[in-house]
Amino acid sequence: MFICHDAYSRRRLENLQALIGLDQYYPGGCRDGYFTLDIFWPSQPAHERMTIYDVAACFSSLEKISARLAITEQLASLFSRASSTEIQPLTYLALGRLAPKFEGIEFQIAEKMMVRVLAIVYGMTEQNVTLLFKGKGDLGTVAFELANDQRRATKSHLSIEEVFNELLKIAQEEGQGSQERKVKGLAELVKKLDPESA
């Protein structure tokens with residue numbers, strides 16, 4: 001079951017349902033102010049697992065598209081290749097989340113912490129990463145360019161489920177020293193990613 005916090009998100013999933021051709025779809029109802037959608041994904045033959053590179057490449061291409069229908073069709077194509085166990089992490093990553101809002105799971109990584117992460121991953125000072133950030137205006141672009149400049153261009157073979165579970169584990173860190181553990185955990189994950197996925 002997917003939980004949408006507003007009617008717009010609900011309509012987006014309904015559009016995907018129509019394009020992809022789900023086995024069953026039930027509008028559900030309203031739960032604590034959230035719309036619920038019960039979706040039963042069609043059974044699929046064995047296939048290659050979806051990698052984080054597949055997802056990152058799709059999301060990157062969406063940034064170059066302005067037409068809403070074209071965006072929906074490209075997302076539908078990505079979803080149609082996902083297995084039943086990949087659908088939930090793919091849905092939440094597409095929405096920029098790790099869980100429904102009512103669960104209260106937030107990543108809570110500030111820009112300064114991400115600067116530290118990139119400094120660790122690419123062996124730079126935080127000051128130099130900050131300068132690059134100010135020049136580019138986007139930490140994702142900084143990470144992409146640093147990865148291209150310093151390391152491999154090989155596609156990451158990490159699955160979307162592996163990356164999602166690791167991100168969820170990092171987000172759920174609590175207590176004393178949790179911020180440091182988040183920085184360390186995220187740095188270890190980024191080290192395993194290709195430029196597009198980083």
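Residues numbered from 1 in each chain as written. Predicted model: local features only at pLDDT ≥ 70, side-chain atom pairs only at ≥ 80, totals over all residues. Heavy atoms only, no water.

**Student:** Can you walk me through the overall build of the chain in this structure?
**Tutor:** Scanning the chain from N- to C-terminus turns up nine helices and four strands. Helices (α) and strands (β) of the chain occur, in sequence order from the N terminus, as β-α-β-β-β-α-α-α-α-α-α-α-α. Here the chain holds 198 residues, and 39% of them are scored as buried. Here the contacts in the chain between residues at least 6 apart in sequence split such that 68% fall between residues at least 24 apart. Per element, the accessible surface of the chain, about 11,200 Å² overall, is 50% carbon and sulfur. (Helix = DSSP H or I, 4+ residues; strand = E, 2+ residues; numbered from the N terminus. Buried < 20%, exposed > 50% of the residue type's maximum accessible area, 1.4 Å probe, protein only. Contact = heavy atoms within 4.5 Å. Areas by Shrake-Rupley, 256 points an atom, 1.4 Å probe, with all protein chains shown as cover.)

**Student:** Honestly, the pattern of salt bridges in this entry has me stumped. Any pointers?
**Tutor:** Counting across every chain of the model gives six salt bridges. Taking the shortest distance from any N to any O, the salt bridge between Glu162 and Arg49 comes out at 3.4 Å. Remark: Arg49 occurs in the loop between strand 4 (34-40) and helix 2 (52-62) and Glu162 occurs in helix 8 (residues 160-171); sequence separation between them is 113 residues. Among the residues examined, Arg49 registers a relative accessible area of 45% and is labelled partly exposed. Salt-bridge contacts for Arg116 lead to Glu180; the nearest nitrogen and oxygen are separated by 2.9 Å. Note that Arg116 is positioned in helix 5 (residues 111-122) and Glu180 in helix 9 (residues 178-191), a separation of 64 residues in sequence. Here Arg116 falls in the partly exposed class, since its relative accessible area comes to 24%. Since its relative accessible area comes to 45%, Glu180 is described here as partly exposed. (Salt bridge = Lys/Arg side-chain N within 4 Å of Asp/Glu carboxyl O.)

**Student:** Honestly, the packing of helix 2 against helix 3 (residues 68-80) in this entry has me stumped. Any pointers?
**Tutor:** Working note: a packed helix pair is described by the angle between its axes plus the distance between those axes. The interhelical angle for the contact between helix 2 and helix 3, taken along N-to-C directions, is 175°, at an axis separation of 10 Å. The pairing of helix 2 with helix 3 is recorded here as roughly antiparallel in orientation. For the pair helix 2 and helix 3, the contacting residues are Asp54, Cys58, Phe59, Ser61 and Leu62 in the first and Ile71, Gln74, Leu75 and Leu78 in the second. In the contact of helix 2 with helix 3, the residues fall into six nonpolar, two polar and one charged. (Axes fitted to C-alpha atoms, helices over the stretch in contact; angles between N-to-C directions. Parallel < 35°, antiparallel > 145°, perpendicular 65-115°, else oblique. Nonpolar A, V, L, I, M, F, W, Y, C, P; charged D, E, K, R; others polar.)

**Student:** Quick question: what am I supposed to make of helix 5 here?
**Tutor:** Counted at 1.5 Å a residue, the expected span for helix 5 with its twelve residues is 16 Å, and the 16 Å between its end C-alpha atoms agrees. Taken together, the buried positions of helix 5 are Met113, Val115, Val117, Leu118, Ala119, Val121 and Tyr122. (Expected span 1.5 Å × (residues − 1).)

Geometric descriptors of this kind do not, in isolation, establish any biological role.
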